[in-house]
Amino acid sequence: GKLPFGQLPVLQIGGAGGRMVAQSGSIHRCLAALVKTPGFFPQDLAEQAYCDMIHEAAQDMWKIQPIVNMFSDEKFQQEKEDFFKNTLPSTLQALTKLLSTHQIFNGSKVAYCDFAVYHHFDLCRLVEPTVFADFPT
């Protein structure tokens, strides 16, 4: 088929016959680079790498998406328990440490990595409303 890895998501760049780009992170970075707000897609290489690190940490929480969108009944409970026990805690601890007392990850300007973290955290809160009660930042 036309899908580079046989799965979604895919972004076609350049209209019909244009390049097909797969993988969420690649698509996120491509779209973020189009945003003209200063800092949203960092220009400094070190800042880009740091923002990408945060983005990839958010991607590590991907399992919350099928928990919200696909699973039900017993499978929902099993996956939810596994995610909140085995996946989220270590990522949450690391992100909390990196965020420290700031409201956003990349200094004083909102960047695409902040949206990636927010997206996954918002889904976590949807499934377990008090999940962040012990994390004031």
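Source: prediction; values computed, not measured.

A.B. asks: Could you clarify how one ought to interpret the overall build of the protein chain in this entry?
C.D. replies: Within the protein chain, the regular secondary structure consists of five helices and two strands. Taken from N to C terminus, the helices and strands of the protein chain fall in the order β-β-α-α-α-α-α. Taking the principal axes of the C-alpha coordinates as reference, the protein chain spans close to 45 × 40 × 20 Å. The proportion of buried residues among the 137 residues of the protein chain is 34%.

A.B. asks: Got a minute to help me understand the nonpolar core in this structure?
C.D. replies: Soluble globular proteins: nonpolar side chains tend toward being buried together. Core analysis: the biggest nonpolar cluster contains 29 residues, and Ile-64, Phe-83, Phe-84, Leu-88, Leu-95, Phe-121 and Cys-124 have the highest contact counts within it. Of all elements in the fold, only α2 (45-59), α3 (64-69), α4 (73-99) and α5 (112-127) reach the threshold of two or more residues within this core. The dominant element in this core, judged by the number of residues it contributes, is α5, at eight residues. In contact with Phe-84, other than residues within four places in its own chain, are Ile-64, Pro-89, Cys-124, Val-127, Glu-128 and Val-131.

A.B. asks: Sorry, what's going on with the packing of aromatic side chains here?
C.D. replies: Where two aromatic rings form a pair, the distance of their centres and the angle of their planes describe that pair. According to the stated counting rule, one finds four aromatic pairs in the structure shown. Note on Phe-83 and Phe-84: the rings are 5.2 Å apart at their centroids and 85° apart in plane angle, and the pair reads as edge-to-face. You'll find Phe-83 and Phe-84 in the same group, each marked buried. Just above the ring of Phe-71 sits the side chain of Lys-75; from NZ or CZ to the centre is 5.3 Å.

A.B. asks: Which parts of the structure should I look at to understand the packing of α4 against α5?
C.D. replies: Geometrically, a packed helix pair is captured by the angle between its two axes and the distance between the axes. The geometry of α4 relative to α5 is characterised by a closest axis approach of 12 Å and an angle of 135° between their N-to-C directions. Put simply, α4 runs oblique to α5. The hand of the α4/α5 crossing is left-handed. Residue-level contacts link Phe-76, Lys-80, Phe-83, Phe-84, Leu-88, Leu-92 and Leu-95 of α4 to Val-117, Phe-121, Cys-124 and Val-127 of α5. Its residues assigned to classes, the contact of α4 with α5 shows 10 nonpolar, no polar and one charged.

A.B. asks: What am I meant to see in the side chain of His-120 here?
C.D. replies: Tracing the backbone shows His-120 in helix α5. Exposure remark for His-120: the relative accessible area of 2% places this residue in the buried category. Discounting chain neighbours no more than four positions away, the residues touching His-120 are Ala-58, Gln-59, Met-61, Trp-62, Ile-64 and Gln-65.

A.B. asks: Which parts of the structure should I look at to understand the environment of Thr-101?
C.D. replies: Checked against the element boundaries, Thr-101 lands in the loop between α4 and α5. By relative accessible area, which is 71% here, Thr-101 ends up exposed. Spatially, the C-alpha atom of Thr-101 lies 16 Å from that of Ala-133, the residues being 32 residues apart in sequence.

A.B. asks: Explain the packing of α2 against α5 here, please?
C.D. replies: Between α2 and α5, the shortest axis-to-axis distance is 8 Å and the interhelical angle comes to 15°. The orientation of α2 with respect to α5, classified from their angle, is roughly parallel. In the packing of α2 onto α5, the handedness of the crossing is left-handed. Mapping the contact onto sequence places Gln-48, Cys-51, Asp-52, Ile-54, His-55, Ala-58 and Gln-59 in α2 and Tyr-112, Cys-113, Ala-116, Val-117 and His-120 in α5. The residue inventory of the contact of α2 with α5, partitioned by class, reads seven nonpolar, four polar and one charged.

Conventions adopted
- Residues numbered from 1 in each chain as written.
- Predicted model: local features only at pLDDT ≥ 70, side-chain atom pairs only at ≥ 80, totals over all residues.
- Heavy atoms only, no water.
- Helix = DSSP H or I, 4+ residues; strand = E, 2+ residues; numbered from the N terminus.
- Buried < 20%, exposed > 50% of the residue type's maximum accessible area, 1.4 Å probe, protein only.
- Core = buried A, V, L, I, M, F, W, Y, C linked by side-chain atoms within 4.5 Å.
- Contact = heavy atoms within 4.5 Å.
- Phe/Tyr/Trp six-rings, centres within 6.5 Å; stacked < 30°, edge-to-face > 60°.
- Lys NZ or Arg CZ within 6 Å of the ring centre and 35° of its normal.
- Axes fitted to C-alpha atoms, helices over the stretch in contact; angles between N-to-C directions.
- Parallel < 35°, antiparallel > 145°, perpendicular 65-115°, else oblique.
- Left-handed = near helix turned anticlockwise from the far one by under 90°.
- Nonpolar A, V, L, I, M, F, W, Y, C, P; charged D, E, K, R; others polar.

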